[in-house]
Amino acid sequence: YLPSKGVKATKDEFLIEFGARLLYRKKQTFESTPNLLRAFLENVYGLAVEDLAELAPHSFNEIYRIQTAEGDFVAKIIRNQDFTPAVAGHTAGHVEYEVALMTALSGHDLPVVLPVADQNGNLFREFDGRSCLLFPFVESDQEGPTPETAAKSLAAVHEKLGHIDVPRDHYRFG
């Protein structure tokens, strides 16, 4: 919050007025995750993991690059923590909505990378009290999006959302 000029009491006073909640907490990496993830990927996805390494994204999720004989993948491990309250009558959580949104956006001239299904056809699975999505690794020669390209991509997503059916009936976003 810029106008607080670093004064915590000023920032807290401002944020409490509209019921702000903590949305970001320093990422907590679980030391046991690499070993558990290796066994999980072998049992649930049938992948013989050759190597895995945690990536350092600016995210509260844990992200791992997985190397296998079948190719490289990215595992996104999401804390099962909902940051927004559910809308009355809506029962599914964030991960279900994220998968439904990606699926709905795919095939509409947007660069959407869909999660890989496990051996039973599931696009996400519970993993160590959290949720895990597995994606194919996509190589890029770019450093990352500029504010301009990010804004254009976001505008394209918003434009498409107005013309496609995103299942919302059971999701907390009404």
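Quick caveat: nothing in here was measured; it's all calculated off a predicted structure.

Rules of the game
- Residues numbered from 1 in each chain as written.
- Predicted model: local features only at pLDDT ≥ 70, side-chain atom pairs only at ≥ 80, totals over all residues.
- Heavy atoms only, no water.
- Salt bridge = Lys/Arg side-chain N within 4 Å of Asp/Glu carboxyl O.
- Buried < 20%, exposed > 50% of the residue type's maximum accessible area, 1.4 Å probe, protein only.
- Pairing = 2+ DSSP bridges.
- Helix = DSSP H or I, 4+ residues; strand = E, 2+ residues; numbered from the N terminus.
- Axes fitted to C-alpha atoms, helices over the stretch in contact; angles between N-to-C directions.
- Contact = heavy atoms within 4.5 Å.

Trainee: Help me get a handle on the pattern of salt bridges, residues and values and all.
Mentor: What the rule picks out here adds up to 6 salt bridges. A salt bridge links Arg65 to Asp72; the nearest nitrogen and oxygen atoms lie 2.7 Å apart. For Arg65, a relative accessible area of 24% puts it in the partly exposed group. Across the pair Asp118 and Arg125 runs a salt bridge whose closest N-O atoms are separated by 2.7 Å. Using a relative accessible area of 25% as the deciding quantity, one classes Arg125 as partly exposed. A single network of salt bridges, built from pairs that share partners, joins Glu62, Asp128 and Arg130.

Trainee: Please give an account of the sheet that holds strand S5 (residues 130-136) that cites residues and values.
Mentor: With respect to topology, 5 strands assemble into an open sheet ordered S1-S2-S3-S5-S4, the strand pairing being antiparallel. Either end of the sheet is taken by a strand with one partner, and the two such strands are strand S1 (49-55) and strand S4 (125-127). Strand-to-strand, the axes of this sheet are offset by a mean angle of 35°, without reference to chain direction. Strand contacts of helix H3 (residues 94-105): strand S3 (71-78) and S5, with the helix running at about 20° to S5, the strand carrying the most contacts.

Trainee: Could you give an account of the pairing of S3, naming the residues involved and the relevant values?
Mentor: Among the 8 residues that make up S3, 6 are buried, leaving the element largely enclosed by the rest of the structure. Here strand S2 (residues 62-68) runs beside S3; their pairing, made up of 7 bridges, is antiparallel. Residue pairing across strands places Glu62 opposite Ile77, the latter belonging to S3. Hairpin connection of S2 to S3: 2 residues between the antiparallel strands. Two elements, S3 and S5, share 6 bridges in a ladder whose sense is antiparallel. In the strand pairing of S5, Val74 is matched with Phe135.

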